[in-house]
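Secondary and tertiary structure notes
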Amino acid sequence: MEAVSPAFRPALILQPRTVRSDPAVTFMRSLKNPNSIRRKIEVQARAEKNVPTAACIDYSDPHWKSKYQEEFEARFRIPHITDVLHDHDTVSYPSTFGLRMRTPVSPDFAVVYPSNDEWLGYINDDDRVLLKVIQYSSPASAGAECIDPGCTWVEQWVHRAGPRDKIYFRPEEVKAAIVTCGGLCPGLNDVIRQIVITLEMYGAKKIVGIPFGYRGFSDTSLAEMALSRKDVENIHLSGGSFLGVSRGGPTVSEIVDRMEERGINMLFVLGGNGTHAGANAIHEECSRRRLKVAVVGVPKTIDNDILLMDKTFGFDTAVEEAQRAIYAAYIEAHSAYRGIGVVKLMGRNSGYIAMQASLASGQIDICLIPEVPFNLHGPQGVLNHLKYLLETKGSAVVCVAEGAGQDLLPKTYATDASGNSILGDIGVYIQQETKKFFKDMGLPADVKYIDPTYMIRACRANASDGILCAVLGQNAVHGAFAGYSGITVGICNTHYVYFPIPEVIAQPKTVDPNSRMWHRCLTSTGQPDFI
């Protein structure tokens, strides 16, 4: 990174990697540490693509821009089953998906499918979507994401999602499986429903759900669930997951063994960064075994912390539902004598929910997120500002993301089944420290604490997320039938795209403290810096 300014966003710049000589997926021994899996996936992906890192680019070279674009195109090339299979295993067929012909595929078309030449609803494989749309003139601009010290404009294109006119799987030979992993998130059932419906539109009949995450591949007491449009017709009217969720699971080799035994050749994985790391590992293992299997991810993270995407499903619902908790905290604080309301929201590494909910509500005086350090005590601390707010306003409301202020809490060194560090409870800590602060000063303060986490996670998706889930689910199926594997589907600059999984799980997406959105939040709350 010596050649670039530290002001540049690391998400756009490849870090130098230590390349492993073993091409096998050596991290498949367990899914219990997805953070380690993510790191190793990224190393392997860079090594296999054999492209230079941005740290190797000499910006004094007059051709550096074209070299960077070549590197970018290599990074964002989406894997296809033809990359590893022989020609006779990768025959393409005219697509069976066409909205002018919505009849089930007949066995009569087992070899040659009807072509819907007049329908113009297909996506060309060469269609692209622009990844970045703002041309910054200086690294000093708010939220600037620059590649070189001069903020040179470099077009970066990613693959447009949607149905192709050629498919690489015969629908009658498809056995598709859907699995939901990690924690609950609004919209899971919406995505499951749309995947099943779209699979049937192609003519696939063998569709199953894997119960309770990756665990369903190994636990003999958990039988796969046959799915059809009739089974999933109304599941989007409820929150949670129709299939159940869990964390952790068997080794990747065991999962692929079970997939081979059951004849599964399409796998749709709904989950966050760790789950996607597992999905990519499954894709790599299938490729190593030369199996004709499409593995497609659908990003599920309520925290909105997946790189390169405008947003992930469940986020809009979470922000909307958080308003209820914030409003309750505001009423409690405003109605009490010297009242203080504290609301803790989701956000392990990224403060998007807390930031957006604070901005939307207009009732938050202090917003604390993981990306912005703060002091609780001292003349510039949060508690001293709370004292000022009580003296001037008579009440105050604090919104804190669960991952904020972890440096103020004792380290637990414990992890959950997914390998995530178990966080200290910053919400309870702030509540206790606030009570102690005012008690020691001999001043009254009525502190109320609200944690709506599980109420929000269990909600059904709102209209905005419902639409997002529908399109993501449909495009996941389109990608699988088109022969792509090791990809995830997302929304980028309002358009739907396919990304190679390693590019979106390299690190969590976080709030840029110099972004316009964070500045807007600070404008709304009026809070000072707490350092």
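Described in the following lines is the structure provided in the data block. Because the structure is a prediction, the values reported are computed rather than measured. (Residues numbered from 1 in each chain as written. Predicted model: local features only at pLDDT ≥ 70, side-chain atom pairs only at ≥ 80, totals over all residues. Heavy atoms only, no water.)

In total, this model carries 7 aromatic pairs according to the counting rule given. Centre to centre, the rings of Tyr 202 and Phe 481 are 4.1 Å apart; their planes meet at 5 degrees, and the pair counts as stacked. Of the two residues, Tyr 202 sits in helix α3 (residues 188–202) while Phe 481 sits in helix α12 (residues 463–481), which places them 279 residues apart along the sequence. Per residue, the accessibility class of Tyr 202 equals that of Phe 481, and both read buried. In this structure an aromatic cluster arises from ring pairing among Phe 72, Phe 76 and Phe 499. Taking the ring centre of Tyr 352 as reference, the NZ or CZ of Lys 509 above it sits at 5.0 Å. (Phe/Tyr/Trp six-rings, centres within 6.5 Å; stacked < 30°, edge-to-face > 60°. Helix = DSSP H or I, 4+ residues; strand = E, 2+ residues; numbered from the N terminus. Buried < 20%, exposed > 50% of the residue type's maximum accessible area, 1.4 Å probe, protein only. Lys NZ or Arg CZ within 6 Å of the ring centre and 35° of its normal.)

Looking now at unusual backbone geometry. One non-glycine residue, Arg 290, lies in the positive phi region at around 55 degrees. Within the secondary structure, Arg 290 sits in the loop between α6 (273–288) and β9 (294–299). A positive phi angle is found at Asn 493, which is not glycine, with a value near 55 degrees. Within the secondary structure, Asn 493 sits in the loop between β14 (487–492) and β15 (495–500).

To continue, consider the sheet that holds strand β12 (residues 395–401). With parallel pairing, 4 strands are arranged side by side in an open sheet as β11-β12-β10-β13. Two strands lie at the open edges of the sheet, namely β11 (366–368) and β13 (446–450), each paired on one side alone. Geometrically, the sheet is characterised by an average inter-axis angle of 15 degrees between neighbouring strands, direction not taken into account. Strand direction decides the pairing type here: β11 and β12, joined by 3 bridges, are parallel. Considered in β12, the bridge of Leu 368 is made with Val 400. Packed onto the sheet, helix α8 (residues 352–361) meets β10 (339–345), β11 and β12 and runs at close to 165 degrees relative to β11. (Pairing = 2+ DSSP bridges. Axes fitted to C-alpha atoms, helices over the stretch in contact; angles between N-to-C directions. Contact = heavy atoms within 4.5 Å.)

The next point concerns the packing of α3 against α12. Packing of α3 against α12 brings their axes to within 8 Å, and their N-to-C directions diverge by 40 degrees. Taken together, the axes of α3 and α12 lie oblique to each other. In this structure, the crossing between α3 and α12 has a hand that is right-handed. Only Gly 466, Cys 469, Ala 470, Gly 473, Gln 474, Val 477, His 478 and Phe 481 of α12 make contact with α3, whose side of the interface consists of Asp 190, Val 191, Gln 194, Ile 195, Thr 198, Leu 199 and Tyr 202. Classifying every residue of the contact of α3 with α12 by side-chain character gives 8 nonpolar, 6 polar and 1 charged. (Parallel < 35°, antiparallel > 145°, perpendicular 65-115°, else oblique. Left-handed = near helix turned anticlockwise from the far one by under 90°. Nonpolar A, V, L, I, M, F, W, Y, C, P; charged D, E, K, R; others polar.)

A word on the state of the cysteines. If you walk through the whole model with that rule in mind, you get 1 disulfide. Paired by a disulfide, Cys 146 and Cys 151 hold their sulfur atoms 1.7 Å apart. In this structure, the disulfide formed by Cys 146 and Cys 151 twists by about 45 degrees around the S-S bond and is classed as right-handed. You'll find Cys 146 and Cys 151 in the same group, each marked buried. Free of any disulfide, Cys 399 has its nearest neighbouring cysteine sulfur in Cys 367, separated by 5.1 Å. (Disulfide = S-S within 2.5 Å.)

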